[in-house]
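The residues making up each chain are set out below.
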Amino acid sequence: MTTAPWRDPALPAAARVDDLLSRMTLEEKTAQLYGVWVGASTDGDGVAPHQHDMTVDYEWDELITRGLGQLTRSFGTAPVDPALGAQALARAQRRITEAGRFGIPAVAHEECLAGFTAWQATAYPVPLAWGATWDPPLVEEMARRIGTDLRSAGVHQGLAPVLDVVRDPRWGRVEETIGEDPYLVGTVGTAYVRGLESAGIVATLKHFAGYASSAGARNLAPVRAGTREFADVTLPPFEMALREGGARSVMAAYTERDGVPASADPELLTGLLREEWGFTGTVMADYFGIGFLQTLHRVAGTPAEAAHAALEAGVDVELPSLRCYGGPLVDAVRSGEIPEALVDRAARRVLLQKCELGLLDEDWTPEPAAPVDLDSTGNRILARRLAEESVVLLDNPDGLLPLAPDTRIAVIGPRAADALAMLGCYSFPSHVLTHHPGVPTGIEIPTVLDALRTELPDAKVTFAHGCDVTDPDTSGFEEAIARTAEADVCVAVLGDRAGLFGRGTSGEGCDATDLALPGAQGELLDALVATGVPVVLVLLTGRPYALGRWHGRLGAVVQAFFPGEEGGPAVAGVLSGRVTPSGRLPVSVPQVPGGQPWTYLQPPLGLAGEVSNLDPTPLYAFGHGRSYTTFAWEDGTGGAEPAEIGTDGTYDVSVTVRNTGDREGAEVVQLYLHDPVASVTRPDVRLIGYQRVRLAPGDAARVRFRFHPDLSAFTDRSGRKVVEPGALELRLAASSTDVRHTAHLTLTGPVRVLGPDRRLRCETEVTDAG
């Protein structure tokens, strides 16, 4: 039997795909450009925007005779036993391959923002918690485990990570981001990509680009980011994740910038992404994003016009529907309205990726190779470690923490005894199970209350709910006050409830009017403080909230950003002292609910000044976090006399960090750049390097950063990425405002214009210092 060239694994992928395309009809080619969402709800209460009115009916048996590009969320749509789900997915793939002429399976994709979004799968901390760890290798290990679980179930592509940089903390999807700094987002996000891709899963970067810069922090609102903000804040994490992480897919954002929707922007999706950055993978539409060109953006009059705009811009795959790339596209090509070459271009990219995944090979099989266990012991151990590293001790002025092992503790608040308080909106229990009342969570999620009782078995722990997350009712205050008055210390556990489209206080479509604690929680905290009993505030949130109202009145403040299924024990471990806190803020914590939005990346006019009565200075700065041990920073590089290097030179800046306390702990050494004079306004400081260092008592390490001037680059008035000569300051710091040592530099030589090979990362080295 003669094997067709496209089936021959010995041939180059490009040759195989060219042969296959030459054999396919127009309908078969377009079928590779869309996915379907089997079982998606149309009752108006879905998990994607406009799901109820954008879903298109189809007849499955007839549809798959042409082939199929993608299968949408076989595990993430309804609770299904993972082993049975893997078998069902395999059966669906068998039907697809048997129905079409070429026997090509679909790419199965799933959400994996904080773990595989499937029933009984590990719920890891949300991305904002990854940012709080400042530990890219640990995030990479988590992503590798997530990818391995996806592969074990028959999934090929993961719709993660989110690389949006926080611009306004009122935005509901802050919990899905890694933080408010592009270097932190880029380095941690790239680590996630490496981990996922190393497991053979196609990582999908989202949302490309500018989604988090929506006006007024409203979901899907227009993006009004200027040219330099877009180039210097929004884009760098994507560039790093593509160049260094090897991501093979990008998802076009829903939003529009300066009147052009991302899904219809050839300058973004082709000019920048492919021609300048050299991307060769697939561009996916966000769910219904191509149809939105007609229904929401109104830049297309028909589904066919929307398909034409998206294909021309560079969107290869329509998800999770065939509304535009199905029949309307075929008819428009047949009539001559859309060139078939655009279909061929997109189909070639899709088929090349399927070839990379082995889906064109004759020996491909959809059956799982091993038993499916999505919440293994190893997963939970890693989830615990991530959660522990992500908890940030914001304040502990009098050393109230750690708690005494035999103390009387009143645990108060709506987040203390609720397992869902640990989970973000893209965890399966929050995302899907709310539509399936009565179905068990599927994973064990200890609450803070339960974990604290386990952690401190000799303590007397009482509990009162106090109030709901959002309900203004204060009738529960009386019991909460009574329990607190009987205790030695009160642990107030407050925060968010994750949800979708207004069904929570954090999550997609759950944007905030201001940064006050939701509901009556602020009043509850006032009442607890008024008892005179020391109060430890524990926040389980998806965004930072304004805490200036209680500054100086609390015994301690602990921040955890939806820390996942092991978050309860992690928080309890910090309270007991079993865990020495080492998290650092990936976002600033504001003083007051107003005076925002604000992130630390501010030019001079964005800082406090005498011309306005509003002071945006945060209560706790970006990068801030306290510990139960102490660290001395010794022999820092720097001095009064500036060093000189060329605009293409290098300069080493270093410091010795010594653990001067009596317990093991981790310090995060941060390197910031201050540019005193530039041709355009620059952020007062911005992060260009960091290193997490774990030290035993008495131990020391030398941390060296190799600065290259590319790290000082910015977009000039003509739109070029440049390095300008002149004075710079390199600040070794424990946060964006806690500077320990400063090195003064002068860059000499001409202005350098940078290309796509510019250096994106600060090289770091850690050596033992005795």
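The model shown is predicted, which means the values in this text are computed figures rather than measured ones. (Residues numbered from 1 in each chain as written. Predicted model: local features only at pLDDT ≥ 70, side-chain atom pairs only at ≥ 80, totals over all residues. Heavy atoms only, no water.)

Draft legend 1. Spotlight on the state of the cysteines. The full count for this structure, using the stated rule, is zero disulfides. Sulfur of C112: no disulfide; nearest cysteine sulfur belongs to C425 and is 14 Å away. For C112, a relative accessible area of 0% gives the class buried. A disulfide-free cysteine, C490 has its sulfur positioned 12 Å from the sulfur of C467, the nearest such atom. (Disulfide = S-S within 2.5 Å. Buried < 20%, exposed > 50% of the residue type's maximum accessible area, 1.4 Å probe, protein only.)

Draft legend 2. Spotlight on helix α19 (residues 477-485). Turning to α19, its buried residues are F477, A480 and T484. With its buried residues spanning 65 degrees around the axis, α19 presents them on a single face. For α19, the exposed residues lying more than 90 degrees away from the buried face are E478 and A485. (Helix = DSSP H or I, 4+ residues; strand = E, 2+ residues; numbered from the N terminus. Arc of directions from axis to C-beta.)

Draft legend 3. Focus on the pairing of strand β14 (residues 535-541). Burial within β14 is extensive, with seven of its seven residues counted as buried. Covered by surrounding structure in β14 are V535, L537, L539 and T541 together with V536, V538 and L540, the residues of both alternating faces. Each parallel crossover has a hand, and the one from strand β13 (residues 489-495) via helix α20 (residues 521-530) to β14 is right-handed. (Right-handed = clockwise from strand over helix to strand, strands pointing away.)

Draft legend 4. Seen up close, the sheet that holds strand β1 (residues 35-36). In space, the seven strands of this open sheet follow the order β1-β2-β3-β4-β5-β6-β9, with parallel pairing throughout. With one partner strand each, in any of the chains shown, β1 and β9 (282-285) form the two edges of the open sheet. Strand direction decides the pairing type here: β1 and strand β2 (residues 70-72), joined by two bridges, are parallel. Each residue of the ladder has a partner; that of G35, found in β2, is Q70. (Pairing = 2+ DSSP bridges.)

Draft legend 5. Fine view of the environment of A123. Relative to the elements of secondary structure, A123 occurs in the loop between β3 (107-110) and α6 (127-133). Given the relative accessible area of 4%, A123 is considered buried. Expressed as a C-alpha distance, the spacing of A123 and I445, which sit 322 residues apart in the sequence, is 9.0 Å. Beyond its immediate chain neighbours, meaning those up to four positions away, A123 contacts A114, L423, I443, G564 and E565. (Contact = heavy atoms within 4.5 Å.)

Draft legend 6. Expanded view of the nonpolar core. In terms of nonpolar packing, the biggest core is built from 210 residues, with Y192, F208, Y325, L547 and L730 touching the most fellow members. Ignoring sequence-local partners within four residues, the contact set of Y325 consists of T30, L33, Y34, I290, A307, A310, L311, V315, D316, V317 and E318. Core analysis: the next-biggest nonpolar cluster, separate from the first, contains 35 residues, A123, L423, V491 and V536 among them. (Core = buried A, V, L, I, M, F, W, Y, C linked by side-chain atoms within 4.5 Å.)

Draft legend 7. Expanded view of the pairing of strand β24 (residues 726-733). Burial analysis of β24 places six of its eight residues in the buried class, which makes it a mostly covered element. Pairing of strand β19 (residues 665-674) with β24, which is carried by five bridges, proceeds in the antiparallel orientation. Note on β24: the bridge partner recorded for L673 is L730. Pairing of β24 with strand β25 (residues 739-748) involves eight bridges; the strand directions are antiparallel. Opposite R731, over in β25, you have T742 as the bridge partner. A loop of five residues connects β24 with β25, the two strands running antiparallel in sequence.

Draft legend 8. Inspection of the packing of helix α13 (residues 303-313) against helix α14 (residues 327-334) at higher detail. With their axes 8 Å apart at the nearest point, α13 and α14 run at an angle of 80 degrees to one another. On the basis of their axis angle, the class for α13 and α14 is roughly perpendicular. The residues of α14 that touch α13, namely those facing P303, A304, A307 and L311, are P328, L329 and A332. (Axes fitted to C-alpha atoms, helices over the stretch in contact; angles between N-to-C directions. Parallel < 35°, antiparallel > 145°, perpendicular 65-115°, else oblique.)

Draft legend 9. The arrangement of the packing of helix α7 (residues 136-152) against helix α8 (residues 182-198) in detail. Running from N to C, α7 and α8 point in directions that differ by 35 degrees, and their axes come no closer than 7 Å. In this structure, α7 crosses over α8, and the sense of that crossing is right-handed. Residues P136, V139, E140, M142, A143, R144, I146, G147 and L150 of α7 form the contact with α8, whose participating residues are T187, V188, A191, Y192, R194, G195, L196 and S198. (Left-handed = near helix turned anticlockwise from the far one by under 90°.)

Draft legend 10. Quick peek at the side chain of T407. Position of T407 among the secondary structure elements: in the loop between β10 (392-395) and β11 (408-412). A residue is classified by how much of its surface remains accessible, and T407, at 12% relative accessible area, is buried. A polar contact is formed between the side chain of T407 and the side chain of D488, at a distance of 3.2 Å. When neighbours within four sequence positions are excluded, T407 is seen to be in contact with A459, K460, D488 and V489. (Polar contact = N/O pair within 3.5 Å; in protein donor to acceptor, adjacent residues only side chain to side chain.)

Draft legend 11. Representation of the pattern of salt bridges. Across all of its chains, the model carries 54 salt bridges by this definition. The partner of R578 in a salt bridge is E455, and the shortest N-O contact between them spans 2.7 Å. Residue R578 is located in the loop between α21 (567-576) and β16 (631-634), and its partner E455 is located in helix α18 (residues 448-455); the two are separated by 123 residues in the primary sequence. The salt bridge involving R658 is made with E634; its shortest N-O contact spans 3.3 Å. Taken together, the residues R658 in strand β18 (residues 651-659) and E634 in strand β16 connect sequence positions 24 residues apart. Salt bridges sharing partners connect three or more residues here, namely D375, R380, R384, E565 and E566. (Salt bridge = Lys/Arg side-chain N within 4 Å of Asp/Glu carboxyl O.)

Draft legend 12. A look at unusual backbone geometry. A cis amide bond, omega 5 degrees, links K206 with the succeeding residue H207. By secondary structure assignment, the location of H207 is in strand β5 (residues 202-208). Cis geometry is found at the peptide bond from L319 to P320, where omega equals -15 degrees. The phi torsion at R73 lies on the positive side, around 50 degrees, for a residue other than glycine. Within the element layout of this structure, R73 appears in the loop between β2 and α5 (82-99). On the accessibility criterion, R73 (1% relative accessible area) is buried. The phi angle at Q120 is positive, at roughly 70 degrees, despite the residue not being glycine. Overall, Q120 belongs to the partly exposed group, its relative accessible area being 26%.

Draft legend 13. Broad picture of the packing of aromatic side chains. Considering all chains together, one arrives at 14 aromatic pairs under this definition. Judged by centre distance (5.1 Å) and plane angle (85 degrees), the ring pair of W134 and Y690 falls under edge-to-face. Highlighted residues: W134 in the loop between α6 and α7 and Y690 in strand β20 (residues 686-695), separated in sequence by 556 residues. Y690 shares its class with W134; the two are buried. For the ring pair Y211 and Y254, a centre distance of 6.3 Å and an interplane angle of 75 degrees mean the geometry is edge-to-face. Linking Y211 in the loop between β5 and α9 (227-234) with Y254 in the loop between β6 (249-252) and β7 (256-257), this pair joins segments that are 43 residues apart in sequence. What makes Y211 buried here is its relative accessible area of 0%. Of the aromatic side chains, those joined through ring pairs into one cluster are W134, Y183, Y600, F622, Y672 and Y690. The residue whose ring lies beneath R257 is F230, and the NZ or CZ to ring-centre distance is 4.0 Å. (Phe/Tyr/Trp six-rings, centres within 6.5 Å; stacked < 30°, edge-to-face > 60°. Lys NZ or Arg CZ within 6 Å of the ring centre and 35° of its normal.)

Draft legend 14. Main features of the sheet that holds strand β23 (residues 721-723). With antiparallel pairing, the three strands of this open sheet are ordered in space as β22-β23-β26. Each edge of the open sheet carries a strand with a single partner, namely β22 (714-715) and β26 (752-753).

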